[in-house]
Number of protein chains: 2
Amino acid sequence: MAVYTEVADDELARFVANYDVGALLSAKGIAEGVENSNYLLRAEKAFFILTLYEKRVREEDLPFFITLMEHLNARGVTCPLPVRNRAGEALGRLAGRPAAMVTFLDGMGVRRPAVAHCAAVGEALARLHVAGRDFPMRRRNGLTVDAWRPLFDRARDRADEVSPGLGARAAVALAELENNWPADLPVGVIHADLFPDNVFFIGSKLSGLIDFYFACTDCLAYDLAICLNAWCFEPDASFNLTKGQAMIAGYQRVRALEGAEIAALPVLCRGAALRFMLTRLVDWLNVPAGALVRPKDPLEYDRKLSFHRRVASAGDYGLAR
Amino acid sequence: MAVYTEVADDELARFVANYDVGALLSAKGIAEGVENSNYLLRAEKAFFILTLYEKRVREEDLPFFITLMEHLNARGVTCPLPVRNRAGEALGRLAGRPAAMVTFLDGMGVRRPAVAHCAAVGEALARLHVAGRDFPMRRRNGLTVDAWRPLFDRARDRADEVSPGLGARAAVALAELENNWPADLPVGVIHADLFPDNVFFIGSKLSGLIDFYFACTDCLAYDLAICLNAWCFEPDASFNLTKGQAMIAGYQRVRALEGAEIAALPVLCRGAALRFMLTRLVDWLNVPAGALVRPKDPLEYDRKLSFHRRVASAGDYGLAR
């Protein structure tokens, strides 16, 4: 939610001149995405989003993200389409950073998702999984179970500064997940960060998915677990079963969950909650002085994790029995 | 350069529904203006800028700004045009703040103004002054000579923390300006903040003026003095006489300066430099912890002031002799 890299107007005009989009008419830094700098560009032919990739995105991963957005667009998943310049390249450099221009997508994130939004997200997630089946590239999930202990090690000594007992709760959950993380679930392209900020709606109609910069190759059902965490809890961390039912049913209208995925859903939900708790905790404990971005609250996911620890089966998330 | 007030999507959709612009399709917080929160909205009929007025803008001044933009638009000065809702109102409330929606203006601020830009700004400034002649409302300049001593009093004890001798230099300049500030110059609507951020260009063609939230009733030539300060110095604080010549000639193509204005130009330039040095100094010394906006450097205007103190007459700024 910030613009980290400032681009001089003349340098920007030269960059845009490499694309067949007409002259550059306007450029506004926009508050979107926490990882990169984004500009909304108006060129004669259309509006675009220009992204400058900041340090947290590894440059060698960019071809995966760019090719994935092209792949999904070609299969009818509405997401930003990278624009290729006259040399046929979708990735360029601007102000010393890798940069890409993508099509502008109508719609807005919802701040208070309703049941209908959750249903639409479940369905869109399954469409993404189905469309990704024949995507040939692979990318390891850098934030799955084997990454959590190193994250925890960076935060454990100070975890209780944030909430008494947080360190012990995380240690128990982490050990349990390391021992029980499922191994043989269906794998494919997952979004891995499909939070309400990253799903656009016009009214209650889903208009597109954005921000594929955590996308990777991992268990499909883990992506659903991330969405259940991100969409189906109320602000007080209570789980809204009607939303869970709507999301899972929406997903299954497009892709039926397999038995092993259903059985693993509780452990996947605990894992997703721990993953976001840990990354938020590390960010929380390491806010640089003068930071422009306020860190997100790790305790939100500590509370969600405690719900998941009381769950008996996927039915508790709303799977039709 | 920040979004201070977050607006919920449903609240925003209800606000926009009061206007005859079609459904709201998109809203992005944009990094524009240091005083207010701005969103770029896409509605079915067009793009708009939505401004939420933050604390530094006095609510009772808003009708002046709104009416002025309407007045200038009607007289061919390209600036944002406030949009009236179905009740005929251009000022509404959103997220607990006064809010207005204005038309989207193409173009971009230039970061390194060239001579041609300075000429265009001089001409546009004079057009604004001419178009404002019959504007019936008045607003006191809250940041003119009588406001400088109270500002200085808030900063003087700590001025030397920023630069040794700064306090003494400012005290001398302030006393001199209080004694010599001109009284009988032509008065009218001035922009009072026409910095490069607030002038849009497409290539070298000026496409519009924005951010009228310092506009007020004051000496017209003082507005030119502000622009000479803001546009005609190089990054090392050296004055570029060619740019000054271009700006003054551009201005006089539209409105000839009177003899008294020409005589007063050096003192007006010193005043403008002191005004921006003092407001920046106060901001610099009062950055709140966790501030999202980096303060601008007051010493830039201390250096410009030292140039002005060596100036003998308007000819030194580029007035044709």
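Residues numbered from 1 in each chain as written. Chains lettered and ligands numbered in written order. Predicted model: local features only at pLDDT ≥ 70, side-chain atom pairs only at ≥ 80, totals over all residues.

**Brief notes about the domain arrangement of chain A**
How big an interface is tends to be expressed through the accessible area that disappears when the partners come together. All names here are of chain A. Defined as follows: Domain start and stop points were drawn from an automatic or database domain assignment. Contact criterion: two residues are in contact if their C-beta atoms, reconstructed from the backbone, are within 7 Å. In this classification, the charged set is Asp, Glu, Lys and Arg, the nonpolar set is Ala, Val, Leu, Ile, Met, Phe, Trp, Tyr, Cys and Pro, and all remaining amino acids, among them Gly, are polar.
The domains assigned to chain A are domain 1 (9-103) and domain 2 (115-317). In this assembly, 18 residues from domain 1 lie in contact with 16 residues from domain 2. By residue class, the composition of the side of domain 1 that touches domain 2 is ten nonpolar, five polar and three charged.

**Re the relation of the copies chain B and chain A**
There are two copies of the chain, and a rotation about an axis plus a shift along that axis relates them. Note the threshold: When the copies are superposed, the least-squares fit takes in the C-alpha atoms of residues with a pLDDT of at least 70 in both.
It takes a turn of 180 degrees to lay chain B on chain A, together with a shift of 0.0 Å along the axis; the resulting RMSD is 0.0 Å. Within this description, the copies of the chain are treated as partners about a two-fold rotation axis. No C-alpha of chain B lies nearer the rotation axis than that of I30(B), which sits 2.1 Å from it. The fraction of interface residues of chain B whose copies in chain A are also interface residues reaches 100%, indicating that both copies meet through the same surface.

**Section: the packing of helix α7 (residues 220-231) of chain A against helix α9 (residues 259-285) of chain A**
Residues and elements named next belong to chain A. Counted only if it meets this: Where helices are involved, their axes are fitted lines through C-alpha atoms of the stretch in contact, as for all axes, and angles between N-to-C directions lie from 0 to 180°. Helix and strand assignments come from DSSP, with helices taken as H or I runs of at least 4 residues and strands as E runs of at least 2, each series counted from the N terminus. Here is the rule for angles: anything less than 35 degrees is roughly parallel, anything more than 145 is roughly antiparallel, 65 through 115 is roughly perpendicular, and the remaining ranges are oblique. In a left-handed crossing the near helix is turned counterclockwise from the far helix by less than a right angle, and in a right-handed crossing that turn is clockwise.
Direction vectors running N to C along α7 and α9 enclose 60 degrees, while the axes themselves pass 8 Å from each other. Viewed along their axes, α7 and α9 adopt a mutual orientation that is oblique. Between α7 and α9 lies a crossing whose hand is right-handed. Here α7 contributes A221, Y222, A225, I226, L228 and N229 to the contact with α9, which in turn contributes E261, A264, L265, L268, C269, G271, A272, A273 and F276.

**Structural notes on helix α4 (residues 145-155) of chain B**
Residue and element names in this part refer to chain B. The condition that has to hold: Three classes are used. A residue is buried when 20 or more other C-beta atoms lie within 10 Å of its own, exposed when 12 or fewer do, and partly exposed in between, with C-beta atoms placed from the backbone. It is the directions from the helix axis to the C-beta atoms whose arc is reported.
For α4, the complete set of buried residues consists of W148, F152 and A155. Taken down its axis, α4 places every buried residue within 65 degrees of arc, on the same side. Exposed positions of α4 whose direction lies more than 90 degrees from the buried face are D146, P150 and D153. On its buried side, α4 packs onto α5 (159-162), α6 (166-180) and α9 (259-285).

**Section: the interface of chain B and chain A**
Chain B puts 21 residues into the contact, and the matching count from chain A is 22 residues. For the side of chain B that touches chain A, the secondary structure elements donating two or more residues are β1 (24-30) and β2 (37-43) of chain B. The element best represented in the side of chain B that touches chain A is β1(B), accounting for six residues. Its residues assigned to classes, the side of chain B that touches chain A shows eleven nonpolar, four polar and six charged.

**Notes on the environment of R310(A)**
Within the secondary structure, R310(A) is located in the segment after α10 (298-308). Along the sequence, R310(A) and P266(A) sit 44 residues apart, while their C-alpha atoms lie 9.5 Å from each other.

**Comments concerning the confidence of the model for chain A**
Rules: Residue-level confidence of the predictor is what pLDDT reports, using numbers from 0 through 100.
With 97% of its residues at a pLDDT of at least 70, chain A reaches an overall mean of 94. Taken over the whole predicted complex, pTM reads 0.87, whereas the ipTM for its chain interfaces reads 0.82.

**Remarks on unusual backbone geometry**
Residues and elements named next belong to chain B. For D211, which is not a glycine, the phi torsion comes out positive at approximately 60 degrees. Positionally, D211 belongs in the loop between β8 (205-209) and β9 (216-219). Judged by the 23 C-beta atoms lying within 10 Å of it, D211 falls in the buried class. For A237, which is not a glycine, the phi torsion comes out positive at approximately 70 degrees. Relative to the helices and strands, A237 resides in the loop between α7 (220-231) and α8 (241-254). Take A237: there are 15 C-beta atoms within 10 Å of it, and that puts it in the partly exposed class.

**Some details on helix α10 (residues 298-308) of chain B**
Quick reminder: α-helices carry 3.6 residues per turn. Residues three or four places apart thus point the same way. All names here are of chain B. For α10, every residue scored as buried is listed here: P298, Y301, D302, K304, L305 and H308. Along α10, the residues classed as buried sweep out an arc of 165 degrees about the axis, all on the same side. Those residues of α10 that are buried lie in contact with α5, α6, α7 and α9.

**A closer look at the packing of α6(B) against α9(B)**
Residue and element names in this part refer to chain B. Where α6 meets α9, the axes come as close as 10 Å, and the angle between the chain directions of the two elements is 135 degrees. With respect to α9, the axis of α6 lies oblique. Regarding α6 and α9, the two cross each other, and that crossing is left-handed. Residues A170, A173, L174, L177 and N180 of α6 lie in contact with α9, whose contacting residues are V267, R270, G271, L274 and M277. For the contact of α6 with α9, the class distribution of residues is seven nonpolar, two polar and one charged.

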